[in-house]
Amino acid sequence: SGENLREHPFREINPFLLGIATYEHAKRAGQTYHLLDGFTLHVLADLFYEWEDFGSAFKFYQLAKAFTLQPIELTLSEASIHYALGDLDKAITLLRAKLCGCLKEDPRIHYNLGILYQEKGEEERAEYHLYKAYLLEKENSLFRKVLLDFLWEKGRYGDIEEVLSQIENLTLEDKIYLGKLAFLKKDYTKALQYLQAINSYAERDGIALFFLAWLYLYFKKEKDAAEIFLKEAKEKLSEKEIKDLMETFGLPV
C-alpha cells in the first residue's frame, strides 16, 4: 500500500524498485499479489545479487537482516558476495557465526565452509566441514559429490566405499565412482556395469572414460568403442594425467 512507502525502512528506497521486488516476492510465494513488508527487502537484495550488482545487494542484505524470515539464506548470500570478491576470510567469518550452539546446524553452512577451506588449502578443516554437511543430509547428492571428489583426490578409496554403502538412492555420479573403484580392484564386470552409466551423464568424467576405453579394449575386445572413449578422455584430461594413466594401466596411444 502507499502508506508502507512512507514508512521506515522503505521511504528512502526507490518505489519502482520496491514494486519490482514485491512482484518477485509474490511470484516466489506462489501468490497473485503481495503487500510490501520487511522480508521483501531480502527479495530485493536477491534480485541485485542475480543482476551481479554486489554493492547494492550487500546494502540491501544489511537492511533486510532485521526483517528476514530466512537468516541462513541471507548469510549464505552475503558470504557468496565476499567469495566472489575474493575475501575468503570474511566469508568464513560470516558462515562460522551461524554455527554457534544456539542454532541448529545447517548442512549448507558446512558445505560452503568446506569449499572455502579447500580454496585456502586448509585440507583438514575442509574435510571436517564437507563430512559434516554429508552427515547432516546424507541423501543430498551435491554435498555427497563434493565430499567424494575430495576423497578421490586424496586416494581414500575405502572412505568412498563407506560413504556410498550408506546411500539408498545412488545417482549416476555415485555409480561412476563405484565403477572406478571396481576397476581399481580389477572387478572388471562390475566396473563395466557401473561405468556404462556415463553414457547417460552430461558431465563426463575423464578418468571414468579412460577406464571405459581400457575395458572395451582389453575386456570386451571392442577396439572401435575403446578408441571413441579414449579420444574423449584425452579431451577431458591433461597430457600429464593421460600419460600417468597410460603408464599405470598400459593402454596404448
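Quantities reported herein were computed from a predicted structural model and do not represent experimental measurements.

The rules behind these values
Residues numbered from 1 in each chain as written. Predicted model: local features only at pLDDT ≥ 70, side-chain atom pairs only at ≥ 80, totals over all residues. Heavy atoms only, no water. Helix = DSSP H or I, 4+ residues; strand = E, 2+ residues; numbered from the N terminus. Buried < 20%, exposed > 50% of the residue type's maximum accessible area, 1.4 Å probe, protein only. Phe/Tyr/Trp six-rings, centres within 6.5 Å; stacked < 30°, edge-to-face > 60°. Lys NZ or Arg CZ within 6 Å of the ring centre and 35° of its normal. Contact = heavy atoms within 4.5 Å. Arc of directions from axis to C-beta. Axes fitted to C-alpha atoms, helices over the stretch in contact; angles between N-to-C directions. Parallel < 35°, antiparallel > 145°, perpendicular 65-115°, else oblique. Left-handed = near helix turned anticlockwise from the far one by under 90°. Nonpolar A, V, L, I, M, F, W, Y, C, P; charged D, E, K, R; others polar.

> Just to check I follow, could you spell out the environment of Ala 208 for this structure?
The residue Ala 208 is located in helix α13 (residues 206-219) in this model. You can call Ala 208 buried: its relative accessible area is 0%.

> Can you help me understand the packing of aromatic side chains in this one?
Given two aromatic rings, their pairing is described by the distance between the two centres and the angle made by the two planes. For the structure on display, the rule yields 16 aromatic pairs. Considering the side-chain rings of Trp 152 and Tyr 157, the 4.9 Å spacing of their centres and the 55 degrees angle between planes classify their relative orientation as tilted. We classify Trp 152 as buried; its relative accessible area is 14%. Given the relative accessible area of 33%, Tyr 157 is considered partly exposed. One aromatic cluster is present, formed by Phe 183, Tyr 188, Phe 211, Trp 214, Tyr 218, Phe 219 and Phe 249 through successive ring pairs. A cation sits over an aromatic face here: Lys 180 above Trp 152, 4.3 Å from the ring centre. The lysine or arginine in question, Lys 180, covers the ring of Tyr 177, its NZ or CZ lying 4.4 Å from the ring centre.

> Where do I start with the environment of Tyr 177 in this structure?
Its location among the elements puts Tyr 177 in helix α11 (residues 172-184). In this structure, the C-alpha to C-alpha distance between Tyr 177 and Leu 195, residues 18 residues apart in sequence, is 8.1 Å. Those residues in contact with Tyr 177, other than ones at most four positions away along the chain, are Leu 148, Asp 149, Trp 152, Ile 160 and Leu 164.

> Sorry, what's going on with helix α12 (residues 188-195) here?
Residues that lie three or four places apart on an α-helix share one face, since the helix turns once every 3.6 residues. Residues of α12 that are buried: Ala 191, Leu 192 and Leu 195. End-on view of α12: buried residues confined to an arc of 95 degrees, all on one side of the axis. Residues of α12 that are exposed and point more than 90 degrees away from the buried face comprise Thr 189 and Gln 193. Those residues of α12 hidden inside the fold are in contact with α11 and α13.

> What am I meant to see in the packing of α12 against α13 here?
Two quantities define a packed helix pair, namely the angle between the axes and the distance from one axis to the other. Interhelical geometry of α12 versus α13 gives an angle of 130 degrees and a closest axis separation of 10 Å. When the interaxial angle is binned, α12 and α13 end up oblique. As α12 packs across α13, the resulting crossing turns out to be left-handed. On the side of α12, the interface is formed by Tyr 188, Thr 189, Ala 191, Leu 192 and Leu 195, while α13 contributes Ala 208, Phe 211, Leu 212, Trp 214, Leu 215, Tyr 216 and Phe 219. When grouped by side-chain class, the residues that make up the contact of α12 with α13 number 11 nonpolar, 1 polar and no charged.

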